[in-house]
Amino acid sequence: MPLSSENFEFIRSFAYSSAAIVLEPGKEYLVDTRLSPLADQGGFDSLDDFIHKLRRDRANTLFHDQVIDALTTNETSFFRDFHPYEALRHQILPQLIEQRRTSRRLMIWSAASSTGQEPYSIALLIKEYFPELASWNVSILGTDLSSTVLTQAKQGIYSQLEVNRGLPAPLLIKHFSKTENNKWAIKDEVKKLVEFRQMNLNKPWPILPAFDLVFIRNVMIYFDIETKKNILKRIRNCLLPHGYLFLGSAETTVNLDAEYKPVTFNRTVVYESISSSRKGAAAALSTAN
Ligand SMILES: C[S@@+](CC[C@H](N)C(=O)[O-])C[C@H]1O[C@@H](n2cnc3c(N)ncnc32)[C@H](O)[C@@H]1O
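Here is what the cut-offs are and how they apply
- Residues numbered from 1 in each chain as written.
- Predicted model: local features only at pLDDT ≥ 70, side-chain atom pairs only at ≥ 80, totals over all residues.
- Heavy atoms only, no water.
- Helix = DSSP H or I, 4+ residues; strand = E, 2+ residues; numbered from the N terminus.
- Rg over C-alpha atoms; globule rule 2.2 N^0.38 Å.
- Buried < 20%, exposed > 50% of the residue type's maximum accessible area, 1.4 Å probe, protein only.
- Contact = heavy atoms within 4.5 Å.
- Lys, Arg positive; Asp, Glu negative; His and termini not counted.
- Charge placed at Lys NZ, Arg CZ, Asp CG, Glu CD.
- Core = buried A, V, L, I, M, F, W, Y, C linked by side-chain atoms within 4.5 Å.
- Near = heavy atom within 4 Å.
- Polar contact = N/O pair within 3.5 Å; in protein donor to acceptor, adjacent residues only side chain to side chain.
- Areas by Shrake-Rupley, 256 points an atom, 1.4 Å probe, with all protein chains shown as cover.
- Nonpolar A, V, L, I, M, F, W, Y, C, P; charged D, E, K, R; others polar.
- Domains from an automatic or database assignment.
- Salt bridge = Lys/Arg side-chain N within 4 Å of Asp/Glu carboxyl O.

**Overview of the overall build of the chain**
Alright, step 1. When you go through the chain residue by residue, the secondary structure sums to eleven helices and ten strands.
Alright, step 2. Taking 289 residues into account, the globule formula puts the C-alpha radius of gyration at 19 Å, and the chain, at 20 Å, falls close to it.
Alright, step 3. If you line up the chain on its principal axes, its C-alpha atoms span 60 × 50 × 35 Å.
Alright, step 4. Here the chain holds 289 residues, and 50% of them are scored as buried.
Alright, step 5. Within the chain, contacts between residues at least 6 apart in sequence are counted, and of these 74% link residues at least 24 apart.
Alright, step 6. Taking the 34 positively charged and 32 negatively charged side chains of the chain as two groups, their mean positions are separated by 7 Å.

This is the structure we're talking about:
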C-alpha cells in the first residue's frame, strides 16, 4: 500500500528537524525502501502503522535514532575519489608539517565519517608515508550522527568487499589482520590515531579542538542552502590558519561562504579559510546559530 501523504510529510519534517536531511517531494519511494525493513522487523502490518507509532512515541529516542539511521546514506570507501588523498600526501601534509614544526601537533576532523573508512584512510596515509609524525601529537576525530555506523567504525573491522573498494593491497596486508570470520581488522597502531564520537552537525556542537584539516565530504549534499551556510561558518571557527577544508567532489563553498578560498592541488580543490579566528588549540563552543 502506498505511503499516505500525511505520513510522508511527517517523515520529511522529522528528517529535517532531526538531521537537516532534505527529502524532496517525490522521495516517497526512498522512505518506503529505507523504512519498510524496520516496519517488518517490528511486526507492523504496514509502513503507515509504523509511522503512526513513531508519531505517538515521541519520547522513544532509540526508536527515533533507528529511523534517522535508516534514512541516512552511509556510502563510503577507503581513499574515496583518490585525488584528495594524493594532494594530502604530496602537497598538503608536507606543507603543514613545515608550518607546524614548532607545535608538532596535527588535528584532523572527519565530520560525517560513516563506518570509518575516511578517517582510517587519513591515518593509513600518515602511518605509511610520514614516519616522522610518530613523535608528534597527531589526532584524527571521526564523528557521525548514526550510532550504527559508529559501532563499526570503532571496531575497525571490514568485509572483503569493503577493503576491495579503494584500499591498495600492500596497505591491506601491512596494516590489517584477518579475523576468524574472514573479515579484516585494522591494526592498533593505526586505529589508535583515530577517535570516534557521535555528533549531529545540525545541533549545537560540543567543544572541539582547533583543526588543521576538516573533511566534511558527501554529507552536505543532503542539506539545504541555509544549513550548508551555517555549518561552513561554524567550521571556520574550528579551522586553524593555513588549515584546509575538504569537500566531496560534487560539493563547493562557492556561493555559500565567501570566506573560503578555493585552492587547487593538481586534480583536487580544497578550501582555505581566509578569516580563520582560531590561533591555537584553545577550545570554543560553536552554536547552532
Ligand atoms: C555518504 S556518508 C559520507 C561518508 C564519508 N564522509 C565519505 O565521503 O565517504 C554521509 C554520512 O553523513 C552522516 N550524516 C547525515 N546527516 C548528518 C548530520 N546531521 N550530522 C552528522 N552526520 C550526518 C550519515 O550518517 C552518513 O554516515
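**With respect to the nonpolar core**
Inside soluble globular proteins, nonpolar side chains tend to come together where they are buried.
Alright, step 1. With 49 residues, the main nonpolar core has Leu-35, Trp-109, Leu-201, Ile-216, Ile-235 and Leu-245 as its most contacted residues.
Alright, step 2. With six residues, the single largest contributor to this core is helix α1 (residues 5–19).
Alright, step 3. Beyond its immediate sequence surroundings of up to four residues, Leu-201 is in contact with Trp-109, Ala-111, Ile-216, Val-219, Phe-223, Ile-231 and Arg-234.
Alright, step 4. Ranked by size, the runner-up nonpolar core spans 43 residues in total, among them Phe-79, Tyr-85, Leu-171 and Leu-213.

**Here's the deal with the site of the ligand**
Alright, step 1. Around the ligand sit 20 residues, and of these Thr-76, Arg-80, Ala-112, Asp-144 and Asn-218 come closest.
Alright, step 2. A distance of 2.9 Å is found between a nitrogen atom of the ligand and a backbone nitrogen or oxygen belonging to Ala-19.
Alright, step 3. Leu-145 is positioned such that a nitrogen or oxygen atom in its backbone is 3.3 Å from a nitrogen atom of the ligand.
Alright, step 4. Computed on the free molecule, the ligand has an accessible area of 610 Å², of which 99% lies beneath the protein chains in the complex.
Alright, step 5. Here the shell around the ligand is built from residues that sort into seven nonpolar, eight polar and five charged.

**Here we look at the side chain of Thr-76**
Alright, step 1. Looking at where Thr-76 falls in the secondary structure, it is placed in the loop between α4 (61–71) and α5 (83–99).
Alright, step 2. Here Thr-76 falls in the buried class, since its relative accessible area comes to 11%.
Alright, step 3. Sequence-distant contacts of Thr-76, defined by excluding residues within four places in its chain, comprise Ser-114, Thr-115, Gln-117, Glu-118 and Arg-165.

**Comments concerning the domain arrangement of the chain**
Alright, step 1. Its domain assignment divides the chain into domain 1 (5–71) and domain 2 (83–273).
Alright, step 2. Between the C-alpha centres of domain 1 and domain 2 there is a distance of 30 Å.
Alright, step 3. Listed as interface residues are nine residues of domain 1 and, on the opposing side, eleven residues of domain 2.
Alright, step 4. If you look at where domain 1 meets domain 2, you find zero salt bridges.
Alright, step 5. One can count six residue pairs in polar contact (both at pLDDT 80 or more) joining domain 1 with domain 2.
Alright, step 6. Mapped by element, the contributors of at least two residues to the side of domain 1 that touches domain 2 are α1 and α4.
Alright, step 7. Of all the elements, α1 adds the most residues to the side of domain 1 that touches domain 2, at four residues.
Alright, step 8. Taken together, the residues of the side of domain 1 that touches domain 2 break down into six nonpolar, two polar and one charged.

**What about unusual backbone geometry?**
Alright, step 1. Unlike most non-glycine residues, Asp-81 shows phi in positive territory, near 75°.
Alright, step 2. Within the fold, Asp-81 resides in the loop between α4 and α5.

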